[in-house]
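Each chain, written out:
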Amino acid sequence: MQCQFLLVPAVLLLMAPVVSADSLDVVKGDSTWRPFETPTTVGGTAPWNKWSLDGGDNNLHQCNIGYWLSGTGGCGTAFNAPSPRITPNSLGDATTGFGFTKAAGTLSVTVTSHLQVTAYERTDEFGWFEMGASSVLNALFRGTGIALSSATFVPSGSYGFYLKSPEGTYLSTGVGDTTSHFAVFQLSGNDHYMIGAEDMWNWADRDYNDLAYDIKVNGDNTNVPEPATMVLLGSGLVGIGAAVRRRKR
C-alpha cells in the first residue's frame, strides 16, 4: 500500500498545469533581440538611439531612452532613471510592431509610469487595447509627469499598448505607422519589459523618452515547479515506491 500512496503524488505532480508568462509577439517588422547599444549623441544603429532634444546644457542632449535606462548622460536621478543602472536587450528595428499573447496563468498586468519628458506631459495618454478590438482604448495614465505611479489591468486575450498625444494616436502593433512610436526592452525573463515612447507624429528626435513604462505580467505560477522539475520529482517518487515494494518482498 505504501507504494500506491507514493505513486499518487507523483501522478498528481505530472498532471499539474504548466503555467507560463505572457509572450511578446512581433506582428510587424524585425523580431530580433539585440544587445544594448551604448547611448550616443550622434545617433547609433538602434532606432531609439538618436540625438535627443532633452538634457541640460552641460549634457549635450544626452537623454534618449538608452541614457535614461543606464542612468548616464543627462538622464540621471533628476529624471527618475532606474537604480541600479539597466542595460537590457532591445527589440527589433524602427518598423517593429508588437503585442502580447495572454498565457493561461496570467492574473493581471501591472504598468508603472516612470518618465514623461514632453511638451505634452499634461495631455498625453497611455493605455492598452485588446488585439481584436484596437478601436476600444483603455486609458491607464494621463499626464503623469515624472511622478511614479502604477496601474493594473486584466486582459481577456491578446493585447497591445497605445499612446495618444495631441498629434495622433499610436499603437504598439505599428498599424498605420511606417516607423514605430515604441521601443521595447527586455528587463528579465519573458514577463518583464520596459517601453519607451515617442509622442510626435514625425518622431521628432526619435529618442523614445517622451514616456517610459515598466510592464510586469502577474501570473499564478510562483509556486508551480518547472516541467523538468516535476518529471524529476515524479520519477524519484516512483523509484522510492519501487524500492519499498522490493524490500517488503
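Enquirer: Describe the packing of aromatic side chains, naming the residues involved and giving the relevant values.
Expert: This model, assessed by the stated rule, comprises 15 aromatic pairs. Ring plane angle 80° and centroid distance 6.0 Å describe the contact between Phe153 and Phe161, whose orientation is recorded as edge-to-face. By relative accessible area, Phe153 is classed as buried at 5%. Measuring from ring centre to ring centre gives 6.0 Å for Tyr159 and Phe161, while their planes differ by 90°; the resulting arrangement is edge-to-face. Looking at Tyr159, the relative accessible area reads 0%, which means it is buried.

Enquirer: With reference to specific residues and values, describe the sheet that holds strand 2 (residues 33–34).
Expert: Strand order in the open sheet formed by seven strands is 2-3-11-12-13-5-8, with antiparallel pairing between adjacent strands. Only two strands of the sheet have a single neighbouring strand rather than two, namely strand 2 and strand 8 (149–153).

Enquirer: So what about the pattern of salt bridges? Which residues, and what values?
Expert: On inspection of all chains with the given rule, the structure shows three salt bridges. One salt bridge connects Glu125 with Arg142, and the closest N-O pair in it is separated by 2.8 Å. Taken together, the positions of Glu125 in strand 6 (residues 125–130) and Arg142 in strand 7 (residues 138–142) put the pair 17 residues apart, joining distant regions of the chain. Since its relative accessible area comes to 9%, Glu125 is described here as buried. A salt bridge links Lys216 to Asp191; the nearest nitrogen and oxygen atoms lie 3.6 Å apart. With a gap of 25 residues between them, Lys216 in strand 13 (residues 211–219) and Asp191 in the loop between strand 11 (182–188) and strand 12 (192–197) connect regions that are remote in the sequence. Its relative accessible area of 28% is what places Lys216 among the partly exposed residues.

Enquirer: Tell me what's going on with the environment of Tyr67, and back it up with residues and numbers.
Expert: Residue position: Tyr67 is located in helix 2 (residues 65–70). Relative accessible area serves as the criterion here: at 7%, Tyr67 is assigned to the buried category. Ignoring sequence-local partners within four residues, the contact set of Tyr67 consists of Pro39, Thr40, Thr41, Gln62, Thr72, Gly73 and Cys75. Among the polar contacts listed, one links the side chain of Tyr67 to the backbone oxygen of Pro39, at a separation of 3.4 Å.

Enquirer: Talk me through the pairing of strand 11; I want residue IDs and the actual numbers.
Expert: Note that strand 3 (residues 89–91) and strand 11 share two bridges and pair antiparallel. Bridge pairing links Asn89 to Gln186 in strand 11. Here strand 11 pairs with strand 12 via six bridges, running antiparallel. Residue pairing for strand 12: Phe185 is matched across the bridge by Met194.

Enquirer: Requested: an account of a nonpolar patch on the surface, with residues and values cited.
Expert: A cluster of nonpolar side chains, contributed by Val42, Trp51 and Leu53, occupies part of the molecular surface with about 350 Å² of accessible area. Following the sequence through the fold, Val42 ends up in the loop between strand 2 and helix 2. Residue Val42 is classed as exposed on the basis of its relative accessible area of 69%.

Enquirer: Describe empty space enclosed by the protein, listing the residues and the values that go with them.
Expert: Enumeration according to the criterion identifies two cavities of 30 Å³ or more in this entry. Computed from the structure, the largest cavity encloses a volume of approximately 70 Å³. What lines the largest cavity is simply Pro47, Trp48, Leu91, Asp93, Ala94, Thr96, Phe98, Ser180, Phe182, Ala183, Val184 and Tyr208. By residue number, the principal contributor to the lining of the largest cavity is strand 11, which donates three residues. A class-by-class count of the residues in the lining of the largest cavity yields nine nonpolar, two polar and one charged.

Enquirer: So, the confidence of the model for the protein: which residues are in play, and what are the values?
Expert: Of the residues in the protein, 74% reach a pLDDT of 70 or more, and the chain-wide mean stands at 77. Mean pLDDT across the elements of the protein ranges from a minimum in helix 1 (residues 2–15), with 38, to a maximum in strand 3, with 95. Low pLDDT, under 50, characterises residues 1–19; the predicted model gives this stretch 24 contacts beyond four residues in sequence or across chains. Low confidence marks residues 221–248, where pLDDT is under 50. Its contacts with residues over four positions away, or in another chain, come to 23 contacts.

Enquirer: So what about unusual backbone geometry? Which residues, and what values?
Expert: At Tyr208, a residue that is not glycine, the phi angle is positive and equals roughly 55°. With a relative accessible area of 2%, Tyr208 lands in the buried category.

Enquirer: How would you summarise the side chain of Asp124 if you had to cite specific residues and measurements?
Expert: By the element assignment, Asp124 lies in the loop between strand 5 (106–116) and strand 6. Despite its burial, Asp124 pairs with no opposite charge, the nearest such side chain being Lys164 at 10 Å. Those residues in contact with Asp124 that lie beyond four places of it in its chain are Gln116, Thr118, Phe141, Arg142, Gly143, Leu163, Lys164, Ser165, Pro166, Asp199 and Leu211.

Cut-offs and rules
Residues numbered from 1 in each chain as written. Predicted model: local features only at pLDDT ≥ 70, side-chain atom pairs only at ≥ 80, totals over all residues. Heavy atoms only, no water. Phe/Tyr/Trp six-rings, centres within 6.5 Å; stacked < 30°, edge-to-face > 60°. Buried < 20%, exposed > 50% of the residue type's maximum accessible area, 1.4 Å probe, protein only. Pairing = 2+ DSSP bridges. Helix = DSSP H or I, 4+ residues; strand = E, 2+ residues; numbered from the N terminus. Salt bridge = Lys/Arg side-chain N within 4 Å of Asp/Glu carboxyl O. Contact = heavy atoms within 4.5 Å. Polar contact = N/O pair within 3.5 Å; in protein donor to acceptor, adjacent residues only side chain to side chain. Patch = residues over 30% accessible without salt bridge, like charges linked within 9 Å, V, L, I, M, F, W, Y side chains within 5 Å. Areas by Shrake-Rupley, 256 points an atom, 1.4 Å probe, with all protein chains shown as cover. 1 Å grid on protein atoms, 1.4 Å probe; cavity = no way out; pocket = protein on both sides within 12 Å on 5 of 7 lines; lining within 4 Å. Points joined across faces, edges and corners; volume = space filled by probe spheres on them. Nonpolar A, V, L, I, M, F, W, Y, C, P; charged D, E, K, R; others polar. pLDDT = per-residue confidence, 0-100. Lys, Arg positive; Asp, Glu negative; His and termini not counted.

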